[in-house]
Every structure is written in structure tokens, then in C-alpha cells.
Amino acid sequence: MKIGVLALQGDFAEHRAMLARIGVESCEVRKLSDLESVDALIIPGGESTTIGKLLTRYELDKAIRTRVERGMPIYGTCAGLILLAQEIEGSTQPRLGLMDIAVVRNAFGRQIESFEADIPFKPTPERPVRGVFIRAPIISKVGNGVEVLSEFDGNIVAVRQGNLLATAFHPELTDDERVHRYFLNMLQGC
Ligand code: GLN
């Protein structure tokens with residue numbers, strides 16, 4: 001099993017460090033040939049407008065959509081979540097648009113652009129996960145096939161739709177491996 005981490009921009013190194021700690025092989029995905037050898041993809045946090053433009057420039061967007069149609073799982077954190085959304089409120093920026101959700105970028109407002117909180121995560125009912133929110137989006141709408149995995153302050157902050165997982169927060173910036181382990185378990189089913 002090899003996990004690709006999209007490495008066009010953003011905190012891909014932290015995702016790779018998390019995967020290494022769990023003992024899973026990973027590689028950086030920057031071009032089409034990198035994508036061919038991976039079993040799943042992580043889209044990191046960063047700047048969704050930049051990552052979206054680069055996805056188009058390197059023709060990775062089409063290739064990723066094709067792989068997802070064939071069952072490849074994706075986990076998107078923060079900017080990664082934004083890129084997975086079909087609808088980005090008030091924006092026409094390039095995206096993958098694979099999940100039946102709408103998102104609001106930078107939804108927690110300027111004065112608290114970044115914060116941490118313990119948040120419930122449905123797949124880990126034993127104790128909450130530490131949510132690191134950095135200029136984070138919220139999920140404002142979900143379609144029928146979308147499972148809500150986490151809500152914080154009345155806002156949806158984690159969802160799953162089939163093989164696609166997305167969180168508004170950054171588990172890769174904590175010591176808690178459980179969200180990544182949950183994603184890796186999704187690979188078993190495909
Ligand atoms: N605010 C960023 C965006 O809209 C996302 C921030 C992040 O990934 N931590 O793309």
C-alpha cells in the first residue's frame with residue numbers, strides 16, 4: 001500500500017510524517033506519473049486557489065477524477081476539503097468538485113483565524129480528536145450520500161462520501177493518528 005500526498009503547495013510534509021509514524025509508505029504527487037503508483041491520495045491544507053490552479057496546469061485534476069471513478073480513496077484536509085467540494089460559496093475557483101457538499105472558506109472569521117479545540121469525531125467515539133483549525137472552512141450543505149462525521153459549534157467540520165473523506169481541521173499537525181488510521185481503513189473496503 002502506498003499513499004500519495006499531493007505536493008503542489010501546503011503542508012504535505014506533515015501528512016507524510018504522520019504516515020511514516022503509522023508505518024505506511026508514502027510519496028509526493030506532483031505530476032501524472034506520480035499518481036499512477038499510488039493506492040490513495042491525501043490533499044493537504046494550504047491555499048486552495050493555488051493548489052486548484054496547479055492541479056489544472058499539470059492536468060492532475062482530470063487524472064484524479066478518473067482514479068476516483070475507479071475507486072481511489074481521497075482524504076482532504078482544509079484546503080483539500082475545499083477542493084473536493086462541488087460548491088464553494090461565492091467562488092468560481094478551480095476545484096475537483098467530487099463531493100456533494102458546499103463549503104464556506106475562512107468561515108471562522110478573521111479575529112479567530114486559527115484555534116484548537118477538542119471535537120467529537122464519530123468514528124472515534126472513545127474520546128474527541130484535537131482539532132487544529134487554520135483559516136478553516138465549514139461545510140454549509142451536504143447531499144444525501146454524505147455522512148457527517150463531526151460537528152463543532154453547530155458547524156459541520158468532517159464528512160465522508162463513499163471513498164472520499166474530508167476534514168476542515170488538521171490532524172497531521174497533532175500526535176493523534178486516529179483520523180489517518182480511519183482513512184487507511186477505508187482502503188480495505190475498495
Ligand atoms: N483558507 C485556506 C483556503 O481557503 C485554507 C486554509 C488551510 O488549508 N489551512 O484555501
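In the block above lies the structure referred to throughout.
Counting of residues starts from 1 at the beginning of each chain's written sequence and follows it residue by residue. Local features in this predicted model are restricted to residues of pLDDT 70 or higher, and side-chain atom pairs are both shown and tallied only at a pLDDT of 80 or more, whereas totals for entire chains, interfaces and linings draw on every residue. Side-chain measures were taken over the full set of non-hydrogen atoms in the model, leaving aside hydrogen atoms and water.

Focus on the overall build of the protein
- Each helix and strand counted, the protein has six helices and twelve strands in total.
- Note that the radius of gyration is over C-alpha atoms, with the globule rule given as 2.2 Å times the number of residues to the power 0.38. Taking 190 residues into account, the globule formula puts the C-alpha radius of gyration at 16 Å, and the protein, at 15 Å, falls close to it.
- For the protein, the spread of C-alpha atoms along the three principal axes comes to 40 × 35 × 30 Å.
- Only the protein chains shown count as cover for residues, with accessible areas throughout obtained via the Shrake-Rupley method and a probe of 1.4 Å. Roughly 8500 Å² of accessible area belongs to the protein as shown, and the carbon and sulfur atoms make up 46% of that amount.
- The average position of the 22 basic charges and that of the 25 acidic charges among the side chains of the protein differ by 4 Å. Secondary structure elements are taken from DSSP: a helix is a run of H or I of four residues or more, a strand is a run of E of two residues or more, and numbering for both begins at the N terminus. Only four residue types enter the charge count: Lys and Arg as positive, Asp and Glu as negative, with His and the chain ends excluded. Note on charges: their place is set at NZ of Lys, CZ of Arg, CG of Asp or CD of Glu.

Quick notes on the packing of aromatic side chains
- Classification of ring pairs rests on two measures: the distance between centres of Phe, Tyr or Trp rings, Trp counted by its six-membered ring, which must be within 6.5 Å, and the angle between planes, read as stacked under 30 degrees, edge-to-face over 60 and tilted in between. Inspection of the entire model under this criterion finds eight aromatic pairs.
- Summarising the aromatic geometry, the rings of F108 and F115 are spaced 5.1 Å apart at their centres and angled 70° between planes, so their arrangement reads as edge-to-face.
- Remark: exposure states derive from per-residue accessible area (1.4 Å probe, protein chains only) relative to the maximum for the residue type, with buried under 20%, exposed over 50%, and partly exposed in between. Judged by relative accessible area, F108 falls into the buried class, the value being 13%.
- Judged by relative accessible area, F115 falls into the buried class, the value being 19%.
- Pairing F133 with F152 gives two aromatic rings, centres 5.7 Å apart and planes at 25°, and the pair type is stacked. Taken as a pair, F133 in strand β8 (residues 129-134) and F152 in strand β10 (residues 147-152) lie far apart in primary sequence, 19 residues in all.

Describing the environment of D39
- By secondary structure assignment, the location of D39 is in the loop between α2 (32-36) and β3 (40-43).
- For D39, a relative accessible area of 37% puts it in the partly exposed group.
- Between the C-alpha atoms of D39 and I3, which are 36 residues apart in sequence, the distance is 5.8 Å.
- Only heavy atoms matter for contacts: two residues are in contact if any of them lie within 4.5 Å across the pair. The contact partners of D39, leaving out residues within four places of it in the chain, are M1, K2, R67, M72, P73 and L187.

Side note on the nonpolar core
- Core analysis: the largest hydrophobic core is formed by 69 residues, its most contacted members being I64 and I74.
- For this core, the element with the highest residue contribution is helix α6 (residues 178-188), accounting for six residues. Definition used in this section: a nonpolar core is a set of buried Ala, Val, Leu, Ile, Met, Phe, Trp, Tyr and Cys residues joined via side-chain atoms within 4.5 Å.

Notes on the site of the ligand
- Residues are counted as near a molecule or strand when any one of their heavy atoms sits within 4 Å of it. Near the ligand the following residues occur: G45, G46, E47, S48, C78, A79, I82, R105, N106, I134, R135 and H170.
- With respect to the ligand, the backbone of I134 contributes an N or O atom lying 2.9 Å from a nitrogen atom.
- Burial of the ligand by the surrounding chains reaches 95%, relative to a free accessible area of 300 Å².
- Residue type decides the class: Asp, Glu, Lys and Arg count as charged, Ala, Val, Leu, Ile, Met, Phe, Trp, Tyr, Cys and Pro as nonpolar, and the leftover types, Gly among them, as polar. Class assignment for the residues of the shell around the ligand results in four nonpolar, five polar and three charged. Between N or O atoms, a polar contact is any pair within 3.5 Å; within protein, one atom must be a potential hydrogen donor and the other a potential acceptor, and residues adjacent in sequence are included only when both atoms are from side chains.

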